[in-house]
Amino acid sequence: MGGIVQSETLLAIKYSRGSLEILNQLLLPFQPVYDKITTVDDGHDAIRTMRVRGGAPAIAVVASLSLAIELNVKSFVNKAELNQFVKEKLSYLKTSRPTAVDLFNTIGKLLSLSENFLNDTVLNVEKSKLKLIEFCEAMLQTDVENNKNIGSFGSEFLKNYYKSSSLSEGLTILTHCNTGSLATAGWGTALGIIRSLNEAKNLSHVYCTETRPYNQGGRLTAYELVYEKIPSTLICDSMASALLKTKNVNAIIVGADRVCANGDTANKIGTYQLAITAKYHGIPFLVAAPSTSIDFSLENGSLIPIEVRNGSEVSKIKGLDEGDGKLRTLKISADGINIWNPGFDVTPADLISAIVTEKGVFEKLKDKNVFNLKKEYF
Ligand SMILES: CSC[C@H]1O[C@H](OP(=O)(O)O)[C@H](O)[C@@H]1O
């Protein structure tokens, strides 16, 4: 199935027809280990355990490719049997993680594709199966293309925003969580804008937050930035406001797991407070996301399901023992304390300066505090 060019950076997903591997992100940055995915059950488990994550693109891509892997080795008597199999597998994949909408948008497209084949008098069951596999495979290339477009639109927007200022030394950006090649099929969304700024020599420095408790920032974004030799500094989540007060940060750029039609955005926990401090310090707060992360059916963010994960992700931490080089899991909080561990929070549209998509940058309606995202724009 050649022809898929995934970004030259780190590959969270390795795929060729009949073979799918995911980079186990629970072991990064210390041990780059690829886990084989041979069934939908494997795909579901990899997503649920967050061995692969990236609320938007990567989760949808891995879920779809795990279906493609099973379809590739299975034969069906007729299209009705194929359709039933696809429906069963997709309804199970829906239960892996609830917040990022890409997964549900992609599942909806695959379901209607499979349903449409039932009435297609030209396509036999084998050709229908192949078209489903090709749809899943095309997502890899599409995602990288989307991310490159997001990168260009986002970097252009910031260059124009600051064109009057003497920013010859480039922009200083703060980003949260991981939105790079480890959250997508390559290049990244918010980190894709940072990569595009860096490529155009318009980037001075990147600050990334640790992003407790999974530490996507300290473990994954820092790993990508160092790998690409992008000048960068890691901060604790609690340091963000002090950073904006004492350093000259030009913008905060984050990803998204679900953007509502009015612009309210669910993203990694800690995003909301970054939007508040960006507003207080008068700097742009950008959301970067492909249109597949937009839920046009939701009027506002109060309707977004927020995943609450196991408290052990807060009370324990995995790290490298510098003595023997082994990965250890350590308890880091008092036994018996209750723990609240929501994976995401919702940033209201009025705190978001612009939403950067593969089709362009969307800003709020004049004199309104909300966006007006419509399906027909994409
Ligand atoms: C490009 S999607 C990245 C998005 O997903 C992350 O969540 P998680 O690591 O739990 O999958 C985070 O919200 C990022 O903005």
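About the cut-offs
- Residue positions are given per chain, counted from 1 along the sequence in the order it is written.
- In keeping with the predicted nature of the model, local features appear solely for residues at pLDDT of at least 70, side-chain atom pairs appear and are counted solely at 80 or more, and the whole-chain, interface and lining totals rest on all residues.
- Note that water and hydrogens are dropped before the side-chain values are worked out from all heavy atoms of the structure.
- UniProt positions are given in the numbering used here, feature names are shortened, and annotations may be inferred rather than shown by experiment.
- Strands are runs of DSSP state E lasting at least two residues, helices are runs of H or I lasting at least four, and both sets are numbered from the N terminus onward.
- Each radius of gyration is computed over the set of C-alpha atoms, and the globule rule expresses the reference value as 2.2 Å times the number of residues to the power 0.38.
- Classification of residues uses two cut-offs on accessible area relative to the type maximum, computed with a 1.4 Å probe and protein chains only: under 20% is buried, over 50% is exposed, and between them is partly exposed.
- Contacts are assigned to residue pairs with any non-hydrogen atoms lying within 4.5 Å of each other.
- The method behind every accessible area is Shrake-Rupley, applied with a 1.4 Å probe, and residues are considered shielded solely by the protein chains displayed.
- Residues scored as charged are limited to Lys and Arg (positive) and Asp and Glu (negative), so that His and the chain ends carry no count.
- Taken as the charge location is NZ of Lys, CZ of Arg, CG of Asp or CD of Glu.
- The source of the domain bounds is an automatic or database domain assignment.
- Using a 1.4 Å probe, buried area is obtained as the accessible area two parts lose upon being combined, added over both of them.
- Within 3.5 Å is the distance limit for a polar contact, defined as a pair of N or O atoms, with the added protein rule that one can donate a hydrogen and the other accept it, and that residues adjacent in sequence qualify only through two side-chain atoms.
- All residues other than Ala, Val, Leu, Ile, Met, Phe, Trp, Tyr, Cys, Pro, Asp, Glu, Lys and Arg, Gly among them, are scored as polar; the first ten of these are nonpolar and the last four charged.
- Salt bridge criterion: a side-chain nitrogen from Lys or Arg within 4 Å of a carboxyl oxygen from Asp or Glu.
- A cavity, in this analysis, means grid points on a 1 Å lattice covering only the protein atoms where a 1.4 Å probe fits yet has no way out; a pocket is instead an open set bounded by protein on both sides within 12 Å along at least five of seven lines, and a residue lines either one if it has an atom within 4 Å of a point.
- Grid points are joined across faces, edges and corners, and a volume is the space filled by probe spheres set on the points.

Where an unreviewed UniProt entry is consulted, the protein chain appears under the name Methylthioribose-1-phosphate isomerase, with the organism given as Clydaea vesicula. Of the comments in the UniProt record for the protein chain, the one headed Pathway (unreviewed entry) reads "Amino-acid biosynthesis; L-methionine biosynthesis via salvage pathway; L-methionine from S-methyl-5-thio-alpha-D-ribose 1-phosphate: step 1/6." For the record of the protein chain, the UniProt heading Catalytic activity (unreviewed entry) holds the text "5-(methylsulfanyl)-alpha-D-ribose 1-phosphate = 5-(methylsulfanyl)-D-ribulose 1-phosphate".

Peer 1: Pulling in residues and values, what's your account of the overall build of the protein chain?
Peer 2: For the protein chain, the helix and strand inventory stands at 10 helices and 16 strands. Taken over the C-alpha trace, the protein chain has a radius of gyration of 21 Å; the compact-globule value for 378 residues is 21 Å, and the two agree within 12%. Taking the principal axes of the C-alpha coordinates as reference, the protein chain spans close to 65 × 55 × 40 Å. Here the protein chain holds 378 residues, and the buried ones make up 53% of them. Across the protein chain, the fraction of contacts at a sequence separation of at least 24, relative to all contacts at a separation of at least 6, is 74%. Of the roughly 16300 Å² of accessible surface on the protein chain, 52% is carried by carbon and sulfur atoms. Here the protein chain contributes 41 positively and 40 negatively charged side chains, and the mean placements of these two sets differ by 1 Å.

Peer 1: I'd love a proper account of the domain arrangement of the protein chain, names of residues and values included.
Peer 2: When the domains of the protein chain are assigned, the result is domain 1 (13–143) and domain 2 (149–377). For domain 1 versus domain 2, the distance between C-alpha centres works out to 26 Å. For the pairing of domain 1 and domain 2, the buried interface totals around 2600 Å² over both sides, and the portion due to carbon and sulfur atoms is 56%. The largest per-residue losses of area from domain 1 upon contact with domain 2 belong to Phe30, Arg53 and Thr99, which jointly make up 23% of the total buried on that side. Here domain 1 is connected to domain 2 by 19 residue pairs in polar contact (both at pLDDT 80 or more). A total of five residues in the side of domain 1 that touches domain 2 trace back to one element, the largest contributor, which is helix α4 (residues 101–118). When grouped by side-chain class, the residues that make up the side of domain 1 that touches domain 2 number 17 nonpolar, seven polar and six charged.

Peer 1: Talk me through unusual backbone geometry; I want residue IDs and the actual numbers.
Peer 2: Of note, the bond from Leu28 into Pro29 is cis; its omega dihedral lies within 30 degrees of zero at 0°. Pro213 follows Arg212 through a cis peptide bond whose omega is 0°. Position of Pro213 among the secondary structure elements: in the loop between β5 (203–209) and α7 (216–227). A positive phi angle, close to 55°, is found at Lys229, a residue other than glycine. One can find Lys229 in the loop between α7 and β6 (232–235).

Peer 1: Describe in detail the pattern of salt bridges, supporting the description with residues and values.
Peer 2: Under the counting rule described, the total for this entry stands at 17 salt bridges. Of the charged contacts in the structure, one is a salt bridge between Arg97 and Glu307, with a shortest N-O distance of 2.9 Å. Pair noted here: Arg97 is in the loop between α3 (79–93) and α4 and Glu307 is in the loop between β11 (294–295) and α10 (312–315), with a separation of 210 residues, a long-range link. Accessibility classification places Arg97 together with Glu307 in one group, the buried group. Across the salt bridge formed by Arg195 and Glu224, the nearest N and O atoms sit 2.6 Å from each other. In this pair, Arg195 sits in helix α6 (residues 190–199) while Glu224 sits in helix α7, placing the two residues 29 residues apart along the sequence. The same class applies to Arg195 and to Glu224, which are both buried. Overlapping salt bridges, with partners in common, bring together Asp35, Asp45, Arg48 and Arg51 in one network.

Peer 1: Describe in detail the UniProt feature "active site" (unreviewed entry) in the protein chain, supporting the description with residues and values.
Peer 2: Taking the numbering used here, the UniProt-annotated feature "active site" (unreviewed entry) corresponds to Asp257. Apart from the residues lying within four places of it in its own chain, the contact partners of Asp257 are Gly55, Ala56, Thr99, Ala100, Val101, Asp102, Ala266, Asn267, Lys268, Ser293 and Phe344.

Peer 1: Provide a residue-level description of empty space enclosed by the protein, including the pertinent values.
Peer 2: Counted according to the given criterion, the structure contains two cavities of 30 Å³ or more. Its volume calculated, the largest cavity comes out at about 170 Å³. As for the largest cavity, its lining consists of 22 residues, of which Arg53, Gly54, Gly55, Asn178 and Asp257 are closest to the centre. Of the residues contributing to the lining of the largest cavity, the split by class is nine nonpolar, nine polar and four charged. Residues lining the lining of the largest cavity come from more than one domain, with at least three contributed by each of domain 1 (13–143) and domain 2 (149–377). Taken as a whole, the second largest cavity holds about 70 Å³ of empty space. Lining the second largest cavity are Met50, Pro213, Tyr214, Gln216, Lys268, Ile269, Arg309, Glu313, Asn341, Pro342 and Gly343. Across the lining of the second largest cavity, the residue classes break down as five nonpolar, three polar and three charged.

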